[in-house]
Amino acid sequence: MTHNLGVDVGGTFTDVIVFDEESGELTISKVLSTPENQSEGVVTGVTRATEKADTAVGDLDLVFHGTTVVTNMLLEETGADVGLLVTNGHEHVLHLARAWTPGPLYGWMAMEKPAPLADLVDTRGISGRVASPSGERTEGIDEAEVEAAVDELVDNGVEALTVALLNSYLNPALERRVREVVADAYPDLPVSISSEIVPEYGEYERTLTTVINDYARPTVIRYLDTLDDRLAAEGFHGSMNLVRSDGGLMSSASAKRRPVELALSGPSGGVVGAATLAEKKGIPDVLTLDMGGTSTDVSLVEGGSPSTSRETKVGYREFKARSVDINTVGAGGGSIARVQINGSLVVGPNSAGADPGPASYGRGGDQPTVTDANVVLGRIPEAVKLGGDLELDRDAARSAMERVAADRGSSVEAAAQAVVDLVNENMYSALRVVSVERGYDPREFGLVAFGGAGPMHANALADLIGSYPLLIPPGPGVMSAFGFLTSDVQNEFTETFLETETDVSGGDVAAAYDGLREEAAAWLRDEGVDPADHTFDYYADCRYYRQDIQMSIPVERDALTGERGLAEIKGDFEDRHDRQFGFSLDAPLEIANLRVIGKGTVQGVELAAEELGGEDPSAAHLATESVYFGDGFHETPVYDREELRPGNRLAGPAVVIEDDATVVVQPDHVAEIDRFGCIEITRGDTQ
């Protein structure tokens, strides 16, 4: 019997989902995360989930893992000491950066500029550069100079080394030779070269991204080695894949070489899973809402495909790595509420985290949080035990919220409702960023809500932004882990092109794509993907000639050699430019970069539809409780989601509970259970 498993490490909980290929059954489990050593929580979650699924770790075939190791490292600045080799005269490339300087502003002029992740004292200039626009002419390196520079850096204590020579994207030969020289002298020193990590023009972005890759490598290597050993000790002999920031998968070996691709590893899985589920239901355009314990991630899915970005941003640092286009705000179940000296209420971004957590967790926390507000309002009923076994301390939640009420001069319920309303507004603003600010009308999109806290707030958010239907998937608290099971092995291969539509033909572009496709196919073979399962997507980074705003446009490779040539690319670019910015220009199209996404299908999970039954949900009714909905308390039925069946219809207000999440259906709304087990909520007559 074959089982596949997805595991996602969050700020509060580690989520695990097991898929039985024979029966199609999904088993979910949640354990508290262990931030000091994520592998402990992962192994605990895996063993508990497999026991719950009546299987064993040794019976797992595939494990898909999303991790926040790189994210946390960048936010907390706890990565490796990185040495940097650059072309002579370019030692300050990370300090010069771009005209926009990252960092928080104070007043009108002062700013705090983050220190480069490769210190200037660990930066060395060396001879060697690509000296012609074609990349054919080079000025050779001095190997003795390289050896001396690396000796100094190793003596300084660097743990990894970045090589970023001028114009190396045109010709990687010099950087490759430097890597060989270093490997001969220090075979255990991790070395990344910029022409492999970001083979594109843009010296600063290429250097920064490669430095970040090395900043993360030693820790990621140690983490994955430890995790491999611990899983092996539990009997695991299958294949483990890491989830990339773009929602794809790559092997542990690839992740150790390119950890920069893991910066948004966990959040991307939820978007991919939501896109898969929505497309199954025939709703290709949706917004996604993933509200966890620490933060909320929102994204947009159009035509069944998650929006992606060529820029990944973590904290103040923005670098070149393909990722699902996610907007994150500090709004989660653990977000702390406080009243400022001027009397205004603030919720987040500070969080109670996993330890001690909200006051209601009974683990020593006493700060009022969003979770505590929902407990006070009755939206987390008495029968709920978080993760299936964590019983809530309701008196502690009320005591914490009483402090907010006293500071505001209101009732405890009014204070709790204000906390919920404010955190909803914060998430509403985030949803507008990925929709309205991108030129989309959110009222033309559905909303898929998940995460441990998302289903509790989603109905109110759907009302605020006007996105219906609202879908709550099965196992919403482990949706990212579910998304991992729907992901494909994939990687991006890119080439700087820098040609206008007047200088090249569609055939020239097609020929360049063919070379990138060969690179992608070779990588997929190395990842163990059968050639029969290879697919390729083509993109062109386009802009108006002499402009700098680029957009990544999907391309039909075979159409390039037809009568229209590049005309279709230009038409798609201008339509998108006009939608987002409200105008187009009478200027030639320039193709800055070409990209090929190589994908290898991995059948981690298959969604099965059930027949619809009757509307009566009474078999799932557990109790009736008083729940506060802004205008007062309402007598509200509470249902057990495990007992709800496709076709059941719930008239709001209603609360649906399960081990990993609580779903709140507001008054004047209707919820129905669909053929895939989703709860679909719409505005409607509740009589």
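What counts, and at which threshold
Residues numbered from 1 in each chain as written. Predicted model: local features only at pLDDT ≥ 70, side-chain atom pairs only at ≥ 80, totals over all residues. Heavy atoms only, no water. Helix = DSSP H or I, 4+ residues; strand = E, 2+ residues; numbered from the N terminus. Rg over C-alpha atoms; globule rule 2.2 N^0.38 Å. Buried < 20%, exposed > 50% of the residue type's maximum accessible area, 1.4 Å probe, protein only. Expected span 1.5 Å × (residues − 1). Contact = heavy atoms within 4.5 Å. Polar contact = N/O pair within 3.5 Å; in protein donor to acceptor, adjacent residues only side chain to side chain. Pairing = 2+ DSSP bridges. Axes fitted to C-alpha atoms, helices over the stretch in contact; angles between N-to-C directions. pLDDT = per-residue confidence, 0-100. Phe/Tyr/Trp six-rings, centres within 6.5 Å; stacked < 30°, edge-to-face > 60°. Lys NZ or Arg CZ within 6 Å of the ring centre and 35° of its normal. Salt bridge = Lys/Arg side-chain N within 4 Å of Asp/Glu carboxyl O. Patch = residues over 30% accessible without salt bridge, like charges linked within 9 Å, V, L, I, M, F, W, Y side chains within 5 Å. Areas by Shrake-Rupley, 256 points an atom, 1.4 Å probe, with all protein chains shown as cover. Lys, Arg positive; Asp, Glu negative; His and termini not counted. Charge placed at Lys NZ, Arg CZ, Asp CG, Glu CD.

Observations regarding the overall build of the chain
Here comes step 1: Looking only at helices and strands, the chain features 16 helices and 37 strands.
Here comes step 2: Rg of the C-alpha trace for the chain: 26 Å, near the compact-globule value of 26 Å for 687 residues, within the 12% margin.
Here comes step 3: Once the C-alpha set of the chain is aligned to its principal axes, its extents read approximately 80 × 60 × 60 Å.
Here comes step 4: Buried residues in the chain amount to 57% of all 687 residues.

Regarding helix H11 (residues 394-408)
Here comes step 1: Compared with the 21 Å implied by 1.5 Å per residue over 15 residues, the 21 Å span of H11 between its first and last C-alpha is a close match.
Here comes step 2: Arg394, Ala397, Ala400, Met401, Val404 and Ala405 are the residues of H11 that are buried.
Here comes step 3: Packed against the buried residues of H11 are strand S21 (335-339), strand S22 (345-351), helix H10 (370-376) and helix H12 (412-434).
Here comes step 4: Of the residues that open H11, the one with a side-chain oxygen 3.4 Å from the backbone nitrogen of Asp395 is Asp393.
Here comes step 5: Phi turns positive, to about 70 degrees, at Gly409, one or two residues after H11.

Here's the deal with the side chain of Asp15
Here comes step 1: With respect to the element layout, Asp15 can be found in strand S2 (residues 13-20).
Here comes step 2: Look at Asp15 and you get buried, because its relative accessible area is 9%.
Here comes step 3: A distance of 2.6 Å separates polar atoms of two side chains, one belonging to Asp15 and the other to Lys30.

Topic: the sheet that holds strand S5 (residues 82-87)
Here comes step 1: The 4 strands lie next to each other as S8-S5-S11-S12, forming an open sheet whose pairing is parallel. With partners counted over all chains shown, the strands left at the sheet margins are strand S8 (123-126) and strand S12 (191-193), one partner each. Taken pair by pair, the neighbouring strands of this sheet meet at an average axis angle of 20 degrees, ignoring direction.
Here comes step 2: When S5 meets strand S11 (residues 160-164), the two strands line up parallel, connected through 5 bridges. Counterpart to Val82 in the pairing with S11 is Ala160.

Details of the confidence of the model for the chain
Here comes step 1: Confidence in the prediction of the chain, expressed as mean pLDDT, is 89, and 95% of residues score 70 or more.
Here comes step 2: Long-range and interchain partners of residues 105-110, a stretch whose pLDDT sits below 50, account for 3 contacts in this model, where long-range means more than four residues apart.

Quick word on the sheet that holds strand S31 (residues 621-628)
Each strand in a sheet pairs with another by means of backbone hydrogen bonds, the pair being arranged parallel or else antiparallel.
Here comes step 1: The strand order across the open sheet formed by 4 strands is S31-S32-S34-S35, and the pairing between neighbours is mixed. What marks the edges here is a single partner per strand, and that holds for S31 and strand S35 (662-665). Each strand of the sheet is rotated relative to its neighbour by a mean of 25 degrees, with strand direction disregarded.
Here comes step 2: With 3 bridges joining them, strand S32 (residues 633-640) and strand S34 (residues 654-657) adopt parallel strand pairing. Counterpart to Val638 in the pairing with S34 is Val655.

Describing helix H2 (residues 69-76)
Here comes step 1: Buried residues of H2: Val69, Val70, Thr71, Met73 and Leu74, and no others.
Here comes step 2: Next to the buried residues of H2 lie helix H1 (38-52), helix H7 (203-233), strand S18 (308-314) and strand S19 (317-324).
Here comes step 3: Where H2 ends, the next residue or the one after it, Glu77, has phi of about 55 degrees, a positive value.

Quick look at the pairing of S18
The side chains of a regular strand alternate, first on one face of the sheet and then on the other.
Here comes step 1: Inspection of the sheet shows S18 paired to S19 by 6 bridges, in the antiparallel sense. Looking at S19, one finds that Val314 is bridged to Arg317.
Here comes step 2: Hairpin connection between S18 and S19: a loop of 2 residues separates the two successive antiparallel strands, and Gly315 in this loop has a positive phi of roughly 65 degrees.

What to know about the packing of aromatic side chains
By convention here, two paired aromatic rings are described through the distance between centres and the angle between planes.
Here comes step 1: Under the definition given, this model contains 5 aromatic pairs.
Here comes step 2: Ring centres of Tyr440 and Phe445 lie 5.7 Å apart, and the angle between their planes is 90 degrees; on these two criteria the pair is classed as edge-to-face.
Here comes step 3: On the accessibility criterion, Phe445 (4% relative accessible area) is buried.
Here comes step 4: Ring geometry for Tyr513 versus Tyr538: centroids 5.1 Å apart, planes at 70 degrees, classification edge-to-face. Here Tyr513 is found in helix H15 (residues 506-526), whereas its partner Tyr538 is found in strand S28 (residues 534-544), with 25 residues between them in sequence. Like Tyr513, the residue Tyr538 is buried in the burial classification.
Here comes step 5: Over the ring of Phe676 we find Arg675, and its NZ or CZ is 5.8 Å from the ring centre.

Describing the pattern of salt bridges
Side chains carrying opposite charge are able to pair once their charged atoms draw close together.
Here comes step 1: Here the structure, examined in full by the defined rule, presents 35 salt bridges.
Here comes step 2: A salt bridge links Asp15 to Lys30; the nearest nitrogen and oxygen atoms lie 2.6 Å apart. Here Lys30 lies in strand S3 (residues 26-32) and Asp15 lies in strand S2, a separation of 15 residues in the sequence.
Here comes step 3: In this structure Lys30 comes out as buried when scored by relative accessible area, which is 10%.

Examining unusual backbone geometry
Here comes step 1: Following Tyr468, the chain continues into Pro469 via a peptide bond in cis, with omega recorded as 0 degrees.
Here comes step 2: One can find Pro469 in the loop between helix H13 (454-465) and strand S26 (470-472).
Here comes step 3: The residue after Gly652, namely Pro653, is reached through a cis peptide bond having omega 5 degrees.
Here comes step 4: In this fold, Pro653 is placed in the loop between strand S33 (649-651) and S34.
Here comes step 5: Positive phi values are uncommon outside glycine, yet Asp54 reaches one of about 60 degrees.
Here comes step 6: Tracing the chain through its elements places Asp54 in the loop between H1 and strand S4 (60-66).
Here comes step 7: In the Ramachandran plot, Arg546 falls in the positive-phi region, its phi being about 70 degrees despite a non-glycine side chain.
Here comes step 8: One can find Arg546 in the loop between S28 and strand S29 (551-555).

Quick word on a negative patch on the surface
Here comes step 1: Together, Glu556, Glu568, Asp572, Asp575 and Asp578 line one region of the surface with negative charge.
Here comes step 2: Counting through the fold element by element, Asp578 comes out in helix H16 (residues 567-581).
Here comes step 3: For Asp578, a relative accessible area of 38% puts it in the partly exposed group.

Structural notes on a nonpolar patch on the surface
Here comes step 1: A cluster of nonpolar side chains, namely Ile549, Phe581, Phe583 and Leu585, defines an oily patch on the protein surface of about 340 Å² accessible area.
Here comes step 2: For Leu585, the location among the structural elements is in the loop between H16 and strand S30 (589-600).

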